[in-house]
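Examining the three-dimensional arrangement
Chain residues, written in single-letter form:
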Amino acid sequence: MPNDTINNAIRKASTSNENYEEITYEGYGPNGVAVIVEASTDNKNRTAADVRHVFDKAGGNLGTTGCVSYMFNKKGVIVIEKEATSMSEDDLMMLALEAGAEDFSSEEEVYEITTDPADFMTVREKLEEAGLEFLEAEVQMVPTTTVKLDEKGTEKMERLIENLEDLDDVSNIYHNWEE
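Along each chain, the written sequence defines residue order, and numbers are assigned to residues from 1. With pLDDT at 70 or above as the cut-off, local features in this predicted model cover only qualifying residues; side-chain atom pairs require 80 or more to be listed or tallied, and sums for whole chains, interfaces and linings still use all residues. Hydrogens are left out, water is left out, and the side-chain values use all remaining heavy atoms of the structure.

What follows is about the side chain of Thr 114. With respect to the element layout, Thr 114 can be found in strand E6 (residues 110–115). Remark: exposure states derive from per-residue accessible area (1.4 Å probe, protein chains only) relative to the maximum for the residue type, with buried under 20%, exposed over 50%, and partly exposed in between. The exposure class of Thr 114 is buried, given its relative accessible area of 15%. If near-sequence neighbours (up to four positions away) are discounted, Thr 114 is found in contact with Gly 76, Val 77, Ala 101, Glu 102 and Asp 103. Helix and strand assignments follow DSSP, with helices taken as H or I runs no shorter than four residues and strands as E runs no shorter than two, numbered in order from the N terminus. The contact definition used throughout considers only heavy atoms, calling two residues in contact when any of these lie within 4.5 Å.

Our next topic: helix H3 (residues 89–99). Along H3, the residues classified as buried are Leu 92, Ala 96 and Ala 99. Projected down its long axis, H3 carries its buried residues within an arc of 65°, all on one side. Away from the buried face of H3 by more than 90 degrees, exposed residues Asp 90 and Glu 98 are located. Here the buried face of H3 lies against strand E4 (72–81), strand E5 (103–106), E6 and helix H4 (120–129). One or two steps after H3, the chain reaches Gly 100, where phi turns positive at roughly 120°. The arc in question is the one traced by the directions running from the helix axis out to the C-beta atoms.

This part covers the sheet that holds strand E7 (residues 136–143). For two strands to count as paired, DSSP must find a minimum of two bridges between them. Overall, antiparallel pairing links the 4 strands, which are arranged E5-E6-E4-E7 in an open sheet. Edge positions in the sheet fall to E5 and E7, since each of these pairs with one other strand and no more. Pairs of neighbouring strands in the sheet enclose a mean axial angle of 30°, with direction left out of account. Two elements, E5 and E6, share 4 bridges in a ladder whose sense is antiparallel. Opposite Asp 103, over in E6, you have Thr 114 as the bridge partner. The axes are straight lines fitted to the C-alpha atoms, using for helices just the contacting stretch, and the angles between their N-to-C directions are given from 0 to 180°. H3 rests against E4, E5 and E6 of the sheet, and its axis sits at about 160° to E5. Each of E4, E6 and E7 touches H4; the most contacted strand, E4, lies at about 5° to it.

We now examine the pattern of salt bridges. By definition, a salt bridge exists where a carboxyl oxygen of Asp or Glu is found within 4 Å of a side-chain nitrogen of Lys or Arg. Applying the stated criterion across every chain, the model contains 5 salt bridges. For Asp 42, the salt bridge identified is with Arg 46, shortest N-O distance 3.2 Å. We classify Arg 46 as partly exposed; its relative accessible area is 33%. Across the salt bridge formed by Lys 75 and Glu 102, the nearest N and O atoms sit 2.6 Å from each other. You can see Lys 75 sitting in strand E4 and its partner Glu 102 sitting in the loop between H3 and E5, a full 27 residues away along the chain. For Glu 102, a relative accessible area of 41% corresponds to the partly exposed category. Within this structure, Asp 42, Arg 46 and Asp 169 form a network of salt bridges that share partners.

What a helix is expected to span follows from its residue count: subtract one and scale by 1.5 Å. With 14 residues, helix H2 (residues 44–57) extends 20 Å between its outermost C-alpha atoms, agreeing within 8% with the 20 Å of an ideal straight helix rising 1.5 Å per residue. Of all the positions in H2, only Thr 47, Val 51, Val 54 and Phe 55 are classed as buried. Considered in projection along H2, the buried side chains sweep an arc of 100° and stay on one side of the axis. Relative to its buried face, H2 has exposed residues pointing more than 90 degrees away, namely Asn 45 and Lys 57. In the core, the buried residues of H2 are packed alongside strand E1 (21–28), strand E2 (34–41), strand E3 (61–62) and helix H5 (151–166). Between the side-chain oxygen of the N-cap and the backbone nitrogen of Asn 45 there are 3.2 Å, and the N-cap of H2 in question is Asn 43. Gly 59 sits one or two positions beyond H2 and adopts a positive phi of about 85°. The definition of a polar contact used here is a pair of N or O atoms within 3.5 Å, where within protein one atom must be able to donate a hydrogen and the other to accept one, and adjacent residues in sequence count solely through side-chain atom pairs.

Okay, here's the thing in structure tokens:
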């Protein structure tokens, strides 16, 4: 690719004053799996059409605002790999709860700490001060109920998620599918 083309693209992007909007789409995937898609776009019509097309193609349907969000709670989620810490489970749990965490659970290979979104940064900072490294640390939409799928439904759901992730405007995808 010629340098002029690259330089023109960089100049156009750096002087662009396009406004990006944060938009949330809600819908149902295969077998009634609730799906929330967060996107950042400069063209709502294009993004809505792209998201609707992906839902239709995977056997789901795009719904109205609020149709599935009631099935999710916004929570801070911090995941720590068990092998990455020398702290005992009890010490880590006490540290997290004293910092303001709502819940602490131990899975096979990780510890999962959940917080209220307002307390997320405080808990995260306290854990970082203790020298802990995170596999994941962000505010997410956590489902209140989950849906199990058969093999065919699993294939459709995987295809839906994969195709949504391929869209440039999509930033996050949340669902209540029990993987």
